[in-house]
Each structure stands twice: as structure tokens, then as C-alpha cells.
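Commentary on secondary and tertiary structure
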Amino acid sequence: MTKTILYPLASVLFYALLAYYPQYAIIGAVFSPLLLLVYLGSEKRNKYSDLMLGAAIALTAGISIITTGLYVISVAFTAVFIFKFLHKGHRDIWFPVTVVPLLVFIVMAAIIYGIPDYRNTLINVAEQGIKSFIETVKASKGPMSNDPYFLNIEKQSRLAAQSVVLIFPAVNYILTAFCTHIAFSLYTKLKRIEINRFRLPDNLVWILILGFALVFVKQTMAKHAGLNIILIMMTLYAFQGFDIVSYWMTKFKFIPVIKAIIFIFIFSEPPFIIFIALLGLFSVWFNLYGRQENDREQTPSD
């Protein structure tokens, strides 16, 4: 039991550290849903270990109620959803990756768009952060300090801060979706469960089209709601694009080291991620997998 309880305790600890060391704890927090999912699927799990997990969550609530709330609606909800989803025999990875983050998105959108005082507080914090960053860049006298785009942000720091805050729901969605994808992919690998490729229903492309339509509305909230939708949908299509890239690398028998180098290169160059997202989007209209001998090929985590 001692070894078993370490998984959920590590999950809680890694996520709680985000409140104090976000730049370092983010790596561990990404694997928090996976650790909790492994615990849920353990044969040695019992009511005593569940009580210890509950006590750990309650303890973090005493330290930071916001962090605990985010843990429950993102990490805990993700792990429980995936566990029950797989237990029922479902094998479509796109569904939990798309649906699970909606909870944290709805909560954050309701808070930011529905509570003006809290939104203004966040904007003030973001503005101070932008100004501090600008002063640091100026002090360094680097090339960026004279960049026209950088100077424009300096002049409109309040507007930039507002934009950052208003797309915060999408940022939370994207992070949770990424964690869900990792948890689902690695857990099914550990349990040797064969899953289907990541493939969104084709009619979801209309949601992306709606996002682009809202961007052209001359109203701040509607415009940023459109940006949230675009960021979310392009992230999901990026997952679909990565699945296509992974499929062809598996098809041509790329060794794991080469696969890792390619993915590291893609993640280190944002324009390539945009290209991957467009690849996933175009797969709605074009067959980018070639002729299929077997519909259940390797998954993106291969």
C-alpha cells in the first residue's frame, strides 16, 4: 500500500507546487493526471489509501483553495473520467481530450467574463507583469528593445494585459487537454490497451469557423471569445496533425531516437506547430493516411 499511495500523493504535491514554483513545477504538474490515473487503476488501492488522498487534498485546500479547486476540476476530474471511460470499453482518445477540459474552461470563462472585479484584478496583475518584463528588456539593451512590435506593446500595455486575461480560459483548456492526452496515451501503453487514432468528428470544423466569425465582431468580449475558440480548436487539430506525423514515422519505421528529435524540433519552433495544426485541419477534407490495410494503426504516443 505504501508504494501505491505515493502515486496520488505525488500527483497532489506536483500540482500544489505550481502555486509557489510555476516555472519548475509545470513539468511535474503535466503528469499529475497520469499519476492519479495509475493509482485509480491499481489493484492495491483501498478505502484507507482513498482517505489518505482525501486528506492530502484537504491539506492543500488549507494552503491555497484556488490551487485545490483547479486540481479537482482539472487533474482529479481528468483521471476519474479517463478511468471510467476506459472501463466502459471506449477507445477513442479524441473524446476525453476534447471533453474533459471543458469543465475547467467553463469555470474559468464564467469567472473571468462574469465577474468584472476579478477580471480587472487579473488585468492589473498582468499589466504589472508586462511592464516589469518591458523594463527588464530595456535594461538589457537587447535588439528586442527597439523592435516596433515591442514598442507598441509598451504603449498599449493595458490592452495587451486585457487580451492575455481574456484568453486565459483557452490557456487552461489547452494545458488540461495536453495533460489528458499524455495521461490517456501513456496509461493505455502501460495497460497494453489498443486505442484508436486521434480523429475529431468532421463537423466540429464549424466550431472553428464560428471562432473566426466572432473575431470580426466589433465587440471586445465577442472578439476574445472567438480567439478562445480558435486557440482551442487549433490545439485539437494539432493533436490530429501529430497523429498523422506519428503514423507516417511508424509507417517508415523511424527509430525512437529520430522520432524524439523530430518532435523536439517541432515543439521548439512554434511555426511548425501551426503547420501541424493545419495538417490536422486539412485531414478533415483529405485522406492524409494513404491506403489503409488496418484501421487500428499505432497511436501518436508510439
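Residues numbered from 1 in each chain as written. Predicted model: local features only at pLDDT ≥ 70, side-chain atom pairs only at ≥ 80, totals over all residues. Heavy atoms only, no water.

Another aspect to go through is the overall build of the protein. In terms of regular secondary structure, the protein is built from 15 helices and zero strands. Taking 2.2 N^0.38 as the reference for a compact globule, 302 residues should give roughly 19 Å; the C-alpha atoms of the protein span a radius of gyration of 21 Å, in line with that estimate. Each of the 302 residues in the protein was classed as buried or not, and the buried ones make up 40%. Taking as baseline every contact in the protein between residues at least 6 positions apart, the subset at least 24 positions apart corresponds to 76%. Surface exposure of the protein reaches about 17000 Å², of which carbon and sulfur atoms provide 70%. (Helix = DSSP H or I, 4+ residues; strand = E, 2+ residues; numbered from the N terminus. Rg over C-alpha atoms; globule rule 2.2 N^0.38 Å. Buried < 20%, exposed > 50% of the residue type's maximum accessible area, 1.4 Å probe, protein only. Contact = heavy atoms within 4.5 Å. Areas by Shrake-Rupley, 256 points an atom, 1.4 Å probe, with all protein chains shown as cover.)

Attention shifts here to empty space enclosed by the protein. Per the stated rule, a full pass over the model turns up one cavity of 30 Å³ or more. Taken together, Val 12, Tyr 15, Ala 16, Thr 60, Thr 67, Thr 68 and Tyr 71 make up the full set of residues lining the largest cavity. Only α1 (2-16) and α5 (65-87) provide two or more residues apiece to the lining of the largest cavity. When its residues are assigned to classes, the lining of the largest cavity shows four nonpolar, three polar and no charged. (1 Å grid on protein atoms, 1.4 Å probe; cavity = no way out; pocket = protein on both sides within 12 Å on 5 of 7 lines; lining within 4 Å. Points joined across faces, edges and corners; volume = space filled by probe spheres on them. Nonpolar A, V, L, I, M, F, W, Y, C, P; charged D, E, K, R; others polar.)

A word on the confidence of the model for the protein. Of all residues in the protein, 94% attain a pLDDT of 70 or more, and the chain-wide mean is 87. Considering each helix and strand of the protein separately, the mean pLDDT is smallest for helix α9 (residues 148-155), with a value of 74, and largest for helix α6 (residues 94-99), with 97. When the criterion is pLDDT under 50, residues 295-302 qualifies, and its contacts beyond four places in sequence or with other chains add up to 26 contacts. (pLDDT = per-residue confidence, 0-100.)

Our focus in this paragraph is the pattern of salt bridges. Applying the stated criterion to the full structure yields four salt bridges. A salt bridge links Asp 50 to Arg 45; the nearest nitrogen and oxygen atoms lie 3.1 Å apart. Under the relative-accessibility criterion, Arg 45 is labelled partly exposed at 33%. Lys 131 is paired through a salt bridge with Glu 127; the nearest N and O atoms lie 3.7 Å apart. Linking Lys 131 with Glu 127, this pair stays in helix α8 (residues 116-140), spanning four residues, or about one helical turn. (Salt bridge = Lys/Arg side-chain N within 4 Å of Asp/Glu carboxyl O.)

What follows deals with the nonpolar core. Nonpolar side chains in soluble globular proteins tend to be buried together. Grouped together as the largest cluster of nonpolar side chains are 44 residues, with contacts concentrated most on Leu 36, Phe 198, Leu 236 and Tyr 237. Of all the secondary-structure elements, those providing two or more residues to this core are α1, α3 (32-40), α5, α6, α11 (168-190), α12 (205-215), α13 (220-251) and α15 (270-282). Of all the elements, α13 adds the most residues to this core, at nine residues. What Tyr 237 contacts, discounting residues up to four positions off in sequence, is Leu 200, Leu 204, Val 205, Leu 208, Ile 276, Ala 277, Gly 280, Leu 281 and Val 284. (Core = buried A, V, L, I, M, F, W, Y, C linked by side-chain atoms within 4.5 Å.)

Here the focus is the packing of aromatic side chains. Inspection of every chain in the model, using the stated rule, returns 14 aromatic pairs. For the ring pair Phe 242 and Phe 263, a centre distance of 5.7 Å and an interplane angle of 50 degrees mean the geometry is tilted. You can see Phe 242 sitting in helix α13 and its partner Phe 263 sitting in helix α14 (residues 256-268), a full 21 residues away along the chain. Both residues of the pair, Phe 242 and Phe 263, count as buried. Members of the aromatic cluster, connected to one another through ring pairs, are Phe 77, Phe 81, Phe 85, Trp 94, Phe 95 and Phe 184. The ring of Tyr 247 carries the charged tip of Arg 197 above its face, separated from the ring centre by 5.6 Å. (Phe/Tyr/Trp six-rings, centres within 6.5 Å; stacked < 30°, edge-to-face > 60°. Lys NZ or Arg CZ within 6 Å of the ring centre and 35° of its normal.)

With that settled, consider the environment of Ile 266. One can find Ile 266 in helix α14. Along the sequence, Ile 266 and Tyr 24 sit 242 residues apart, while their C-alpha atoms lie 22 Å from each other.

Working note: a packed helix pair is described by the angle between its axes plus the distance between those axes. Between helix α7 (residues 102-114) and α8, the least distance of the axes is 5 Å, while the angle of their chain directions is 90 degrees. As the angle between them shows, α7 and α8 are arranged roughly perpendicular. On the side of α7, the interface is formed by Ile 111, Ile 112, Tyr 113 and Gly 114, while α8 contributes Pro 116, Tyr 118, Arg 119 and Leu 122. In terms of residue class, the contact of α7 with α8 is built from six nonpolar, one polar and one charged. (Axes fitted to C-alpha atoms, helices over the stretch in contact; angles between N-to-C directions. Parallel < 35°, antiparallel > 145°, perpendicular 65-115°, else oblique.)

Turning to its location among the elements, Ala 58 is positioned in helix α4 (residues 47-63). Note on Ala 58: relative accessible area 48%, which makes it partly exposed. Remark: the alpha-carbon pair of Ala 58 and Lys 223, spanning 165 residues in sequence, is separated by 39 Å.

Along the chain, Arg 119 falls in helix α8. Comment: no salt bridge for buried Arg 119; closest opposite-charge side chain is Asp 117, at 8.1 Å. Contact partners of Arg 119, with chain neighbours within four places excluded, come to Ile 112, Tyr 113, Gly 114, Val 165, Leu 166 and Met 221. (Lys, Arg positive; Asp, Glu negative; His and termini not counted.)

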